[in-house]
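Breakdown of the fold
Chain by chain, the residues run as shown.
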Amino acid sequence: MLLELKNVFKWVQSSSNPVFLLKDINLQVREGEFISIMGPSGSGKSTLLNVIGMLDGFNEGEYNFMHESVHSLKEKQRANLYKEYIGFVFQAYHLLDDLTVEENLEMPLLYKKVKSGERKARVADMLDRFRIVGKKDLFPAQLSGGQQQLVGVARALIGNPKLILADEPTGNLNSKQGEEIMDLFKQLNEEGVTIIQVTHSEKNAAYGQRIINLLDGRMV
Amino acid sequence: MIKNYFKIAWRNILRSKGYSAINIGGLALGMAVTLIIGLWLQDELSYNKHFTNYNEIAQVFQSQTFNGQTSTGPAIPRPLERAFRDRYGDKFKHIVMSSWQNSEYLKYKDINIAREGNFMQRGGPEMLGLDIIAGELDGLREINSIMISASTANALFGTEDPIGKVLKVNNEYNMMVTAVYKDLPFNTNFHGLTYIQPWEHYITTEEWLKEAETNWGNNSFQMFVQLADNSNMESVSSAIQYVKKDLNEDTREFNPLLFLFPMKDWHLRSNFENGKQTGGRIQYVWLFGIIGLFVLLLACINFMNLSTARSEKRSKEVGIRKSIGSQRNQLINQFLGESFLVVVIAYVLAILLVLLALNSFNDLSLKQIRFPWTSLTFWASSLIFVIITSLLAGSYPALYLSSFNPVEVLKGTFKAGKLAGLPRKVMVVIQFTVSVAFIIGTLIVLQQIQFAKNRPIGYDKEGLVQIPTLSQDFIGKYDLMRMEFLNSNAVIEMSSSSSPTTNVWSNRSGYTWESKPEGFQDDFAWIDVAPEFAKSLNLKILAGRDFSRDFSTDSTAVLINETAAKYMGLSNPVGVQLKDSDEEDPDPPLTIIGVVEDMVMQSPYDPVKQAIYAFDGYGESSYYNLRLNPGNSASENLEIVENVFKKHFPDLPFEYQFVDQEYERKFRSEVRIARLASIFTALAILISCLGLFGLTSFVAEQRTKEIGVRKVLGASVFNVWKMLSKDFIGLVILSCIIAIPISYYLMNGWLESYTYSVSLSWWIFALAIIGAIIITLLTVSFQALKAAKSNPVNSLRTE
């Protein structure tokens, strides 16, 4: 078992009544799964993904990640946990504009305090694997959307995470670029990486082995 | 990691050049001001520290009370020396009697120069720890010896060896050079001491000096002491307090109290009021120290405001880094690192600015500060300064930026808000409060100076030239010289006086007159003048008559000023006789023949002192006062005057001063403060405006879309401009409201230290407010108008 959510609730206090973002979520994810989360806008897809990714907290319930109780961890321990095991891919790529492709890839390793020699090797390896060696000195603004997302995936992958969380990874891409990214995910999954993606597209959802549908914060 | 931080910081600096220029430029200006003020403070605080015996040297001061008014000063009587040596000799390592520093002519072969120096007892050079270049430290052993400074030696002897050579002093007597010492530094009280002659020689030069040996009432000398190793300044000071009172009956009524005035207080704490030490220049040390801190604070506030205003730009980076695994303290370190980089760049620029400005600053502040390239302390304190500034400027942005929630930021729901929050508003208010307070302060200082300058001074100082006549050569030559000068057609009237017109060198007491109240302790400014004094100065006679050469009785006549008439309680002073109260050997009585208008001779901020202008029967003048012929140009006149002078005194250098310039010197310290304050105020405003400019541009940028929508809906350029400027104007007005009472309170306190001072008027404050608002409007409008005029289509298309 990679992670497990039990009776997770999340709400925000508006004027008088609480507004529920997540309602009684129960979810178990095994290592090696490829899960797609679907649902209409505002159904809580991204919120769920953020809770899983530990970027966001929740109000009630339990969350265990690799036998650790996430809800009882301190912020620093939580950060160490997701830094170690989770990689994020965003719809808007979210590369650092001021860093080159190579430097963007290197950054997670810096935070993990990986030694310089190994860093260089892993960055080179990743550039090679994604066939972007020629672009390593370019800045994100000099790349196409598809290329940027490729870097985004490479960056998520460079720390050897157990889990990749992708929030509409193809949302800003044209269909051909999108297909490439999804194929890449499929291939990674086959290599053993667990993937959870949020998507609007039935076609992309079909890449996963399991689909979770959300409506008004509740799993249906 | 650190490399990565700096890389990002560096690229950030390069990417937004305008922003960086404002940020770094503002910070550099602020740091330069703080550095310069720091150097100035260091110079002030290290005054006299050149002397190795700094902590043990003191001057003997005396307080005396006349009619309830206590005055304190360094002048002491000669018998005190004997008393000190006999009673407290073991408390001191050195007791050094000294004359006042004076200008004398030193002549060697054909070279005759005027130099400042004094007469001291033998221990003086050792006490001061003079750095002997040639000859011996004990150079005052022989009565006919003279010690000279290196610059004097160079001026007189050039490359010749001065030791053993004979100088002629004032064309009167010969002295043999026994030592050459290194010139004393500019920031010491003995800076002008370019020669020293033996005290033993001094006391033989004139009869009154010899007689003073036993005269407790003649306070015309100075005494410096160096404490013995085992004695303590305070205990010795209180031990000597009553020496004069105990030993002398005649002066007891003035309650003479003695004390040691330690060298460490000479420069900064030299003001006394009613016998109590009340500070002095130390108040300016504080003032400029505070100004320096404030200017730095303003620059740091800019940095904070601009950094946080840009937060939207940086927020995405924070979100990404956090999602990748950065912890908050890592981000805090990153942002502090960026601040540090910016501050270091600003510091380098600040050093350049200081180097560029240091000469002008020295001129302005009358200092000789050099850049301390080799001072380890300077560089160490610079490092601390840079770190403190980085923390001051960087910690708030670091805490603020690192606190962003990655989910919100990455979702794009994060908005920094219009003016973004209270902290930024508070900081803008602080900046403008300081700036407005500076403006008001500067205006009041300028107004006070103008007020004092406009004060009627009682005589006509334009076209008046004074020539010092301190040499014995001038004795008895007055009438001749007057004829010569008048005949030369360059001078229309001339007089002599025992003090320059811009100072009073002598005071006298001990006179009685008919209606003098019992127990009244009289005290007058005393000036011996030639009969033409009033005429040459265009000094108005208010009652009675001027001196006249036609009356032989005028040799015992005096003029008094208006204040003296009131002081003596005389409604009709003409004809009143002043009698010497010394019963054994009285001087002949003096007759008041006239009253002259009050003439400002001393401080233009103080009331004019009661003065007696006595007929100078002995030709003991210190200055000739020449009224130049207004028909000729000043340079023509001076050329003629010099020729006449040289004809009669071929061995003396021709020296002269314009009286109006001498008078102007009375304002020097205030003018200096005003100039410095104006410059610092201007810089403070500039820095604040830079920040405001940057802030407006960000607000305008943030609201681009809003402005676009408003314009599509029909808002005019004026509407948009108003909308963007309104917030800032409100803040500036709030600043004025805070600044006015503060500056009113502080400046009122400053003005109270002057007897003759301008009253604070409301228009100064109004002017400052209007000025601040205009400056703000100009600064804000540039960006506001740019935003308001932009085509809405462009701004709406970008979304």
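Everything numeric in this text was worked out from a predicted model, so none of it was measured. (Residues numbered from 1 in each chain as written. Chains lettered and ligands numbered in written order. Predicted model: local features only at pLDDT ≥ 70, side-chain atom pairs only at ≥ 80, totals over all residues. Heavy atoms only, no water.)

Re the pattern of salt bridges
Residues and elements named next belong to chain B. Per the counting criterion, the structure on display carries 46 salt bridges over all chains. Across the salt bridge formed by R321 and E317, the nearest N and O atoms sit 3.0 Å from each other. Linking R321 with E317, this pair stays in helix α12 (residues 311-324), spanning 4 residues, or about one helical turn. Across the pair, E317 and R321 agree in class, each one buried. The partner of K540 in a salt bridge is E597, with the nearest N and O atoms 3.9 Å apart. With a gap of 57 residues between them, K540 in the loop between α18 (533-537) and β20 (541-544) and E597 in the loop between β23 (590-596) and β24 (611-615) connect regions that are remote in the sequence. Ionic contacts of the salt-bridge type, sharing partners, join the residues D479, R482, E493, E532 and R549 into one network. (Salt bridge = Lys/Arg side-chain N within 4 Å of Asp/Glu carboxyl O. Helix = DSSP H or I, 4+ residues; strand = E, 2+ residues; numbered from the N terminus. Buried < 20%, exposed > 50% of the residue type's maximum accessible area, 1.4 Å probe, protein only.)

Quick look at the environment of B:K244
All names here are of chain B. Residue position: K244 is located in helix α9 (residues 243-247). When residues no more than four places from it in sequence are discounted, the contact partners of K244 are Q62, Q64, P77, W216, N219, T251, P256 and L258. Polar contacts involving the side chain of K244 include one to the main-chain carbonyl oxygen of W216, which spans 3.4 Å. (Contact = heavy atoms within 4.5 Å. Polar contact = N/O pair within 3.5 Å; in protein donor to acceptor, adjacent residues only side chain to side chain.)

Brief notes about the interface of chain B and chain A
Across the boundary between the two partners, chain B contributes 25 residues, which contact 25 residues of chain A. Summed over both partners, the interface of chain B with chain A buries about 2400 Å², with 57% contributed by carbon and sulfur atoms. In terms of surface lost to chain A, no three residues of chain B exceed B:R11, B:I324 and B:Q327, which account for 25% of the buried area on that side. Seen at the junction of chain B and chain A, the total is 4 salt bridges. For B:K316, the salt bridge is made with A:D97, and the minimal N-O distance between the two is 3.6 Å. Taken together, the connections running from chain B to chain A amount to 8 residue pairs in polar contact (both at pLDDT 80 or more). At the level of elements, α1 (2-15), α12, α13 (328-365) and α15 (406-411) of chain B are the ones that each hand at least two residues to the side of chain B that touches chain A. Here the side of chain B that touches chain A is composed, by residue class, of 9 nonpolar, 9 polar and 7 charged. (Buried area = accessible area lost by both parts, 1.4 Å probe. Nonpolar A, V, L, I, M, F, W, Y, C, P; charged D, E, K, R; others polar.)

What about the side chain of B:T469?
Residues and elements named next belong to chain B. Along the chain, T469 falls in the loop between β15 (464-468) and α17 (478-487). Owing to a relative accessible area of 2%, T469 belongs among the buried residues under this scheme. A distance of 3.3 Å separates a polar atom in the side chain of T469 from the backbone nitrogen of Y623. Those residues in contact with T469, other than ones at most four positions away along the chain, are F474, S621, S622, Y623 and Y624.

Here we look at the packing of aromatic side chains
Residues and elements named next belong to chain B. Per the counting criterion, the structure on display carries 56 aromatic pairs over all chains. Aromatic side chains Y511 and W526 sit 5.7 Å apart centroid to centroid with 10° between the ring planes, which places their arrangement in the stacked category. Note that Y511 is positioned in strand β18 (residues 511-512) and W526 in strand β19 (residues 524-529), a separation of 15 residues in sequence. Accessibility expressed as a relative area gives 4% for W526, which makes it buried. Each residue in the set F474, Y478, Y624, F645, F649, F654, Y656 and F658 is aromatic and connected to the rest through ring pairs, giving one cluster. (Phe/Tyr/Trp six-rings, centres within 6.5 Å; stacked < 30°, edge-to-face > 60°.)

Things to note about the sheet that holds strand β6 (residues 86-89) of chain A
All names here are of chain A. With mixed pairing, 6 strands are arranged side by side in an open sheet as β6-β7-β8-β3-β9-β10. Single-partner strands in this sheet number two, and they are β6 and β10 (218-219). Across 4 bridges, the pairing between strand β3 (residues 34-38) and strand β9 (residues 210-215) is parallel. Its bridge partner lying in β9, I37 is registered against I212. Strands β6 and β7 (163-167) of the sheet are contacted by helix α5 (residues 145-157), whose axis makes an angle of about 170° with β6. Contacts from helix α6 (residues 175-190) reach β3, β6, β7 and β8 (194-198) within the one sheet, and its direction differs from that of β8 by about 150°. (Pairing = 2+ DSSP bridges. Axes fitted to C-alpha atoms, helices over the stretch in contact; angles between N-to-C directions.)

Section: the sheet that holds strand β4 (residues 60-65) of chain A
Residue and element names in this part refer to chain A. Ordered by their spatial adjacency, 4 strands build an open sheet running β2-β1-β4-β5, and the pairing between neighbours is antiparallel. Looking along the sheet, the strands with just one partner apiece sit at the ends: β2 (18-29) and β5 (68-69). As paired elements, β4 and β5 share 2 bridges and run antiparallel to each other. Following the sheet pairing, N64 is matched in β5 by S69.

Some remarks on the confidence of the model for chain A
Put simply, chain A has an average pLDDT of 90, and 100% of its residues get 70 or more. No element of chain A has a lower mean pLDDT than helix α2 (residues 75-85) of chain A, which averages 83, and none a higher one than β3(A), which averages 95. (pLDDT = per-residue confidence, 0-100.)

Observations regarding α17(B)
All names here are of chain B. The set of residues buried in α17 consists of Y478, M481, R482 and F485. All buried residues of α17 project into a common sector of 100° when viewed along the axis, lining one side. For α17, the elements touching its buried residues are β15, β16 (491-497), β25 (623-628) and α20 (634-648). Trailing α17 by a residue or two, N489 shows a phi angle of about 75°, which is positive. (Arc of directions from axis to C-beta.)

Some words on the side chain of B:N629
Here B:N629 lies in the loop between β25 and α20. In this structure B:N629 touches B:N489, B:A490, B:V491, B:I492 and B:N637, once residues within four positions along its chain are discounted.

Side note on the domain arrangement of chain B
The figure often quoted for interface size is the accessible area lost as the parts come together. Residue and element names in this part refer to chain B. Splitting chain B by domain gives domain 1 (1-47 + 281-416), domain 2 (57-266), domain 3 (430-456 + 666-799) and domain 4 (472-651). For domain 1 and domain 2, the distance between their C-alpha centroids amounts to 50 Å. Listed by partner, the interface residues are 6 residues for domain 1 and 4 residues for domain 2. The tally of links from domain 1 across to domain 2 stands at 0 salt bridges. (Domains from an automatic or database assignment.)

Side note on the pairing of strand β21 (residues 557-561) of chain B
Residues and elements named next belong to chain B. Of all 5 residues in β21, 5 are buried; the element is thus mostly enclosed. Here β21 shows no split at all, with A557, L559 and N561 on one side and V558 and I560 on the other all buried. With 3 bridges joining them, β21 and β24 adopt antiparallel strand pairing. Directly across from V558, in β24, lies its bridge partner A614.

Quick notes on the environment of B:D183
Residue and element names in this part refer to chain B. Here D183 is to be found in the loop between β9 (173-181) and β10 (195-198). The class for D183 is partly exposed, based on a relative accessible area of 32%. C-alpha separation for the pair D183 and T433, spaced 250 residues apart in sequence, amounts to 46 Å. With residues up to four places along the chain from it excluded, the contact list for D183 reads S149, A150 and S151.

Describing the packing of helix α22 (residues 668-702) of chain B against helix α25 (residues 762-789) of chain B
Residues and elements named next belong to chain B. Across the interface, α22 lies against α25 with an axial gap of 9 Å and an inter-helix angle of 25°. If you check the angle between α22 and α25, you find them roughly parallel. As for the relative orientation of α22 and α25, their crossing is right-handed in sense. Facing I685, C689, L692, F693, T696, S697 and A700 of α22, the residues of α25 in contact are I775, T776, T779, V780, F782, Q783 and A787. (Parallel < 35°, antiparallel > 145°, perpendicular 65-115°, else oblique. Left-handed = near helix turned anticlockwise from the far one by under 90°.)

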